[in-house]
Amino acid sequence: MKQPAAHPKGTNANVLLSSVFGPYARDDEFGSRAINPMELYHNQVTRAQGAFSVRMYHRSWGIMMIQANISAPCTVLDFPTREVFEREIVRHRYDIVGISSIIVNVGKVREMCRMVRRLSPESTIVVGGHVAAVPGLEYMIDADYIVKGEGIRWMRSFLGENVDAPIRHPHIISGFGLRAMGVKIPQPPGSTAATIIPSVGCPMGCNFCTTSAFFGGKGRVQNFYESGADLFRVMCEAEQALGVQSFFIMDENFLLQRRRALELLDLMKAAGKSWSFYVFSSVNALRKYTAEELVDLGVSWVWMGLESPKSGYAKLGDTDTRDLARRLREHGIKLLGSSIIGLEHHTPANITEEIDYAVEHETDFHQFMLYTPVPGTPLYRQMAEEGRLLDDVDLADIHGQYKFNFSHSAISREESKILLDDAFARDYERNGPSLYRICRTTLAGWKRYKAHPDPRVRRRFEWEVRSISRAYSGLLWAMEHRLRKTNTAVSDKVRSLRLELDAEFGRLAWVTARLLGPLLLWTSWREERRLAKGRTWEPPTIIERSERALT
Ligand code: SF4
């Protein structure tokens, strides 16, 4: 593999940055898998929830960040088809073609490199993203450079630009194409959060964590924005450009940097900002804050690891996470819990108890993943040293939603898939659709804070409750009727919540339930039938050219 050296055209090089080609939700020769659609939530969080699954797409934020931070003319191609990718490289004869991918899509990266070599042989090929962690990748694909870790600095250096220039944040809508209950949910401007990326990596360094490992591992984090003031400025810009007041903070452990978070809070208070934040946090980081601080800061949703207390991960300490989850709910903070199936101490005898423990958290969403040694992680190295990696597992199947890729002392590869599916099913059976659960938590927050003395806090809860005060009553009506025969206990809980909504929001909620409810009941049935026939959805291709690329 050649060493990085500046491209001869420097900052005048014409750059294409592309994600891998679709379609995605199918089994094909390039490594796509039907169980892995390009829908994060449906793929690994709500997939057992049938028509109630939350389905949406997220852009490839890494290449958007690179485009915004280089001066060279640059085009971003997101979710291309093979044909669109081919047309783009033939028409524009790019000097540099950058391909970003996760590990499972290595077959598509290989094919895209082949296409570039054949159709645009003068192009320099750069491959980045998590796929770069695959050992021996340089022998699997025909690329000029494979970039591990953060890519902005690398690309600036390759183009002869200032690597230390401040990071410009692109304006990113966090999700699009939202679907649930068989209908496309309108996302008017300003209604969907903007994505903000304050840092990459996480210093906790859990042994299985790909993101932590990819950006330096234990003890390391790379800040794009060091101070609360930097973040506040970036958020104000996004607020103005996109009309948003909520932010999806794409930082593996945002709350861990308490000084930065509280500085941001001071600035928000001074400017009267009623922003909502959706954050990732480890348990130990969350415990550094009082509930009041979290509410003040606008923390509305937390994605948090809830591994077994017997797992021994430092981030969990001795916290009673069930109690923590309950307290968050009471303050209107929605929780996405993430639990691992197949930890070393799991056995067929204790796994049901462990899954039930996870389910008892009653989180709004629950992700289950198989314990998976992914290339690049400490766990992968450990398993390799112990000779426990299974040889015959395709890289396309190493994603934690299928079967083990290692030899577990008590659970077989086949059993692992059954146990994983069982975990999703148990969570759904006991706790019901996530759409119901987020309504429950949002209403609890509203009731608690609607009369809060600080207008900034009140305004946030008014904003958060706006959606459930309208259409949600119809959604709950349909859910209640849909589940009446299959899960009476959950159907009853949904009904009580609907009546609570009616009592809180009066006639409008009542009328919505009667008008919209039957329609959503019918679209849910139709969706279930479509899903049973194997219907899938794919994101549209998006092309974005920088100003210099247009001239
Ligand atoms: S705390 Fe979460 S983000 Fe941090 S290393 Fe552990 S799993 Fe990764």
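Refer to the structure presented above.
All values derive from a computational prediction rather than experimental measurement. (Residues numbered from 1 in each chain as written. Predicted model: local features only at pLDDT ≥ 70, side-chain atom pairs only at ≥ 80, totals over all residues. Heavy atoms only, no water.)

Time to look at the nonpolar core. A general tendency of soluble globular proteins is for nonpolar side chains to be buried together. Residues Val127, Phe247, Leu255, Phe277 and Leu476 are the most contacted members of the largest nonpolar core, which totals 176 residues. Beyond its immediate sequence surroundings of up to four residues, Phe247 is in contact with Ala193, Ala194, Ile196, Met235, Ala238, Glu239, Trp275, Ser276, Phe277 and Tyr278. (Core = buried A, V, L, I, M, F, W, Y, C linked by side-chain atoms within 4.5 Å. Buried < 20%, exposed > 50% of the residue type's maximum accessible area, 1.4 Å probe, protein only. Contact = heavy atoms within 4.5 Å.)

Where helix H8 (residues 228–242) contacts helix H9 (residues 258–271), the axes come no closer than 7 Å and their chain directions differ by 50°. In terms of orientation, H8 lies oblique with respect to H9. The two elements H8 and H9 meet at a crossing, and its hand is right-handed. Residues Gly228, Ala229, Leu231, Phe232 and Met235 of H8 pack against Arg260, Glu263, Leu264, Leu267, Met268 and Ala271 of H9. Looking at the contact of H8 with H9 residue by residue, the classes come out as eight nonpolar, one polar and two charged. (Axes fitted to C-alpha atoms, helices over the stretch in contact; angles between N-to-C directions. Helix = DSSP H or I, 4+ residues; strand = E, 2+ residues; numbered from the N terminus. Parallel < 35°, antiparallel > 145°, perpendicular 65-115°, else oblique. Left-handed = near helix turned anticlockwise from the far one by under 90°. Nonpolar A, V, L, I, M, F, W, Y, C, P; charged D, E, K, R; others polar.)

Taken N-terminus to C-terminus, the directions of helix H3 (residues 82–92) and helix H4 (residues 106–119) make an angle of 35°; their axes are 10 Å apart at the nearest point. Crossing angle aside, the handedness with which H3 passes H4 is right-handed. Touching Arg82, Phe85, Glu86, Ile89 and Val90 of H3 are Glu111, Met112, Met115, Val116 and Leu119, all from H4. Residue composition of the contact of H3 with H4, by class: seven nonpolar, no polar and three charged.

The next point concerns the environment of Ser311. Within the secondary structure, Ser311 is located in the loop between strand S14 (299–305) and helix H12 (321–330). Setting aside residues up to four positions removed in sequence, Ser311 forms contacts with Leu316, Leu343 and His345. A distance of 2.5 Å separates a polar atom in the side chain of Ser311 from the backbone oxygen of Ser308. (Polar contact = N/O pair within 3.5 Å; in protein donor to acceptor, adjacent residues only side chain to side chain.)

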